[in-house]
Amino acid sequence: MIHMPVASLLALAAVLFCIGLYGALTKRNLIMVLVSIEMMLSAVNINLVTFSRLGAAPNLTGQVFALFSITVAAAEIAVGFALVLAFFRLRKSTEVKDADSQKK
Amino acid sequence: MSLATLLQAHLWTTMGPLFVVGMTAIVVMVLELFLPAASRKFIVLLAALGVVVAGVVLVHTMSVPPELSLDTMVSDGLATVSSMLLLATGLLVLLLHLDVNESEEMPRESSFLLLFALVGALAMVTAVNLVALYIGLELLSVSSYVLVALRKRHRQASVEGSMKYLVMGGIGSAVFLYGVSFIYGLTGQTSLYALAQASLSLWQHDAAIAVIAFLLIVVGLGIKLSLVPFHMWTPDAYEGAPSSVAALISTLSKTATFALALRVLVYIFNGGAHDLFPYIAVLAAITMLAGNWLALTQHNLRRLLAFSSVAQAGYLLIPIALFGTASVREWPDLYDNLLFYLAVYTFLTIGAFAVLHLLEHHRDVTMADGLTGFAKKSPWLAASFIVFLLGLAGMPLTGGFVGKFYIFTSTVQTGVLWLGIVLFATSVLSFFYYFGLIRTMFQSPLPTYGDAAQGQAEGRTPVPVATGIVIALCLFGTVALGVVPGILLHPLALVQWF
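In this text the structure is predicted, and so the values were computed from the model without any measurement. (Residues numbered from 1 in each chain as written. Chains lettered and ligands numbered in written order. Predicted model: local features only at pLDDT ≥ 70, side-chain atom pairs only at ≥ 80, totals over all residues.)

Colleague: Could you give an account of the overall build of chain A, with specific residues and numbers?
Modeller: Counting its secondary structure elements, chain A contains 3 helices and 0 strands. Secondary structure of chain A in N-to-C order comes out as α-α-α. Expected size for 104 residues packed as a compact globule is a radius of gyration near 13 Å; at 17 Å, chain A overshoots this value by more than 25%. Its C-alpha atoms give chain A principal-axis dimensions of roughly 55 × 25 × 25 Å. In chain A, buried positions account for 34% of the 104 residues. (Helix = DSSP H or I, 4+ residues; strand = E, 2+ residues; numbered from the N terminus. Rg over C-alpha atoms; globule rule 2.2 N^0.38 Å. Buried ≥ 20, exposed ≤ 12 C-beta atoms within 10 Å, placed from the backbone.)

Colleague: Tell me what's going on with the overall build of chain B, and back it up with residues and numbers.
Modeller: Counting its regular elements, chain B contains 20 helices and 2 strands. Here the C-alpha radius of gyration of chain B, 22 Å, is about what a compact globule of 498 residues would show, namely 23 Å. For chain B, the spread of C-alpha atoms along the principal axes amounts to about 75 × 55 × 40 Å. Put simply, chain B has 498 residues, and 62% of those count as buried.

Colleague: So, the interface of chain A and chain B: which residues are in play, and what are the values?
Modeller: Counting from both sides, the interface comprises 36 residues of chain A and, opposite them, 32 residues of chain B. When residues of the side of chain A that touches chain B are traced back to their parent elements, those giving at least two are α1 (6-26), α2 (30-54) and α3 (61-91) of chain A. Tallied by class, the residues present in the side of chain A that touches chain B amount to 25 nonpolar, 9 polar and 2 charged. (Contact = placed C-beta atoms within 7 Å. Nonpolar A, V, L, I, M, F, W, Y, C, P; charged D, E, K, R; others polar.)

Colleague: Explain helix α18 (residues 417-442) of chain B residue by residue, including any values.
Modeller: Taking 1.5 Å as the rise per residue, α18(B) with 26 residues should run 38 Å; its terminal C-alpha atoms sit 38 Å apart, in good agreement. All of the buried residues in α18(B) are Leu419(B), Gly420(B), Val422(B), Leu423(B), Thr426(B), Ser427(B), Ser430(B), Tyr433(B), Tyr434(B) and Met441(B). (Expected span 1.5 Å × (residues − 1).)

Colleague: Now, about the packing of helix α9 (residues 207-224) of chain B against helix α11 (residues 243-269) of chain B: what can you tell me, with residues and values included?
Modeller: The description of two helices packed together rests on the angle between their axes and the distance between the axes. Residue and element names in this part refer to chain B. Viewed as axis vectors pointing N to C, α9 and α11 meet at an angle of 175°, and their least axial separation amounts to 11 Å. Our classification of the angle between α9 and α11 gives roughly antiparallel. Across from Phe214, Ile217, Leu221 and Lys224 in α9, the residues of α11 making contact are Thr257, Ala261, Val264 and Phe269. Residue composition of the contact of α9 with α11, grouped by class: 6 nonpolar, 1 polar and 1 charged. (Axes fitted to C-alpha atoms, helices over the stretch in contact; angles between N-to-C directions. Parallel < 35°, antiparallel > 145°, perpendicular 65-115°, else oblique.)

Colleague: Before we move on, can you summarise the environment of Leu147(B) with the specific residues and values?
Modeller: All names here are of chain B. Mapping Leu147 onto the fold places it in helix α6 (residues 130-148). Leu147 gets classed as buried once you count the C-beta atoms within 10 Å, which come to 27. For the pair Leu147 and Val159, spaced 12 residues apart in sequence, the C-alpha separation works out to 10.0 Å. Each residue touching Leu147, except ones within four places of it in the same chain, is listed here: Ser110, Leu113, Leu114, Ala117, Ala241, Val245 and Leu248.

Colleague: Describe the environment of Met124(B), naming the residues involved and giving the relevant values.
Modeller: All names here are of chain B. One can find Met124 in helix α5 (residues 110-126). On the neighbour-count criterion, Met124 (30 C-beta atoms within 10 Å) is buried. Distance in space between the C-alpha atoms of Met124 and Asp336 is 19 Å, their sequence separation being 212 residues. Not counting chain neighbours up to four residues away, the residues in contact with Met124 comprise Leu133, Gly136, Leu137, Leu140, Ala256, Thr257, Ala259 and Leu260.

Colleague: Explain the nonpolar core to me, using residue names and the numbers behind them.
Modeller: Ranked by size, the top nonpolar core spans 219 residues in total, and within it Leu118(B) and Met124(B) carry the most contacts. Considering each element in turn, this core owes the most residues, 20 residues, to helix α14 (residues 331-363) of chain B. (Core = buried A, V, L, I, M, F, W, Y, C linked by C-beta atoms within 7 Å.)

Printed below as a string of structure tokens:
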């Protein structure tokens, strides 16, 4: 097996998580916001799998956890895209700025 | 895991209610496909029946000593008492849903999604494994996102509210899970009992990462609990949602998430509680101040209730924050405080949303101005609304006062008096906007020009049977817990919490 340092894998996850968080908070398109949330969840999966192999006490639980997290994320994003579709039918737009019918 | 351990696991004791509600949800889902739309009422009643049966199962297994099955589900005090509260909440919401379903013409999916949300909530309070807790949290959240979007009469607000809820909720789960992944990495464990034993060494050896994990978990749960500064989605989701769903996301998901937060934070971080839990105290103080402050300027009734529920989340966070200074001997008191106030808050909020549903549907009232003359036209309904508002404000003789008083006493006992003072001061502040509403109810309506004026429908507001029952039960709960709080406090004092 090629030796992989834990630090670089965790750094990858951290960078991915931060990009995702930044995107989710700043992107103007709803689809991009959902993609950013998906990136945050991917970062979590990288973390879990890394720890499951190279953590302080390596065991399989992390990979099982990652499988659950992938499944749940898929369900969440499916609901998200259904909502984007419903929103698009109402407003003919997927821009965040058009979600303004409620009072601020 | 061998077959023998699976057979010996006490699954019925720990998962009985969850199983019953889950099966009901699946049966309801299948029936909804085949039955005509006219039998909508029957479906909701069937769902309510399932919740009642689950309650019977729960009471039946209560006498059995606490069990742990498969290292994942537990039937300890916290699980049993919160499950009881969650099932009662589910029943009240379903009864309210019976009328909301008719008047909003909601799609068929609504009743089984309510049940799946209840299953998720039950899993959140009975599970002691981080994987199972996460699944429960997401089952509740994803069902709520869909439920919020199902309001047909105000399609756009509903979809927008749901969208905002989903984006914030999605970020919340991701942040929570990122924190959890560090806890797993440092210990290699996901069982809360194993983590509780490793807690001290975790704090002594890897304090830096433990702090990061703690903050990530608190922020993630803070988004779900609508704590300030993560509360942005709350008013929009409440405004968009059908009334029964608004009642659901403000009570059911709050009860479940507070129980989860209590378990996760206290079990994993009790080693460093003295240094870590003050962060929660600060968060509670900010939430109380900002929630009440934002509610002061609101005229939209739903948004007002939303901000009031943000403020209530701040009050509810105090018992958790006090774990930082409390000795183990004082822990049961904090559990009592949290669960008692959650019970009171459930009655008050569901009652308030039931009255609000009647106001919106029969009188078309959405703004506070629309309440003028309400006390004269339907005195009984107005009186119950006043009781709920006073309860939320914390008036003596309602459960709200007793709950707040016990939390205040705990802050004094554990030596975090400043938090108690913030609680007291913000409660005083909250009287302004609750009394503002009550005053409006007694004002006579302005002379109307044409039919532009809102909420000037003639005569009394008709009260459908199911909503009437919900309001009566909530009223009874509020007043009973205010006048004789012992009926709940004495049983709570006997519970073996952990």
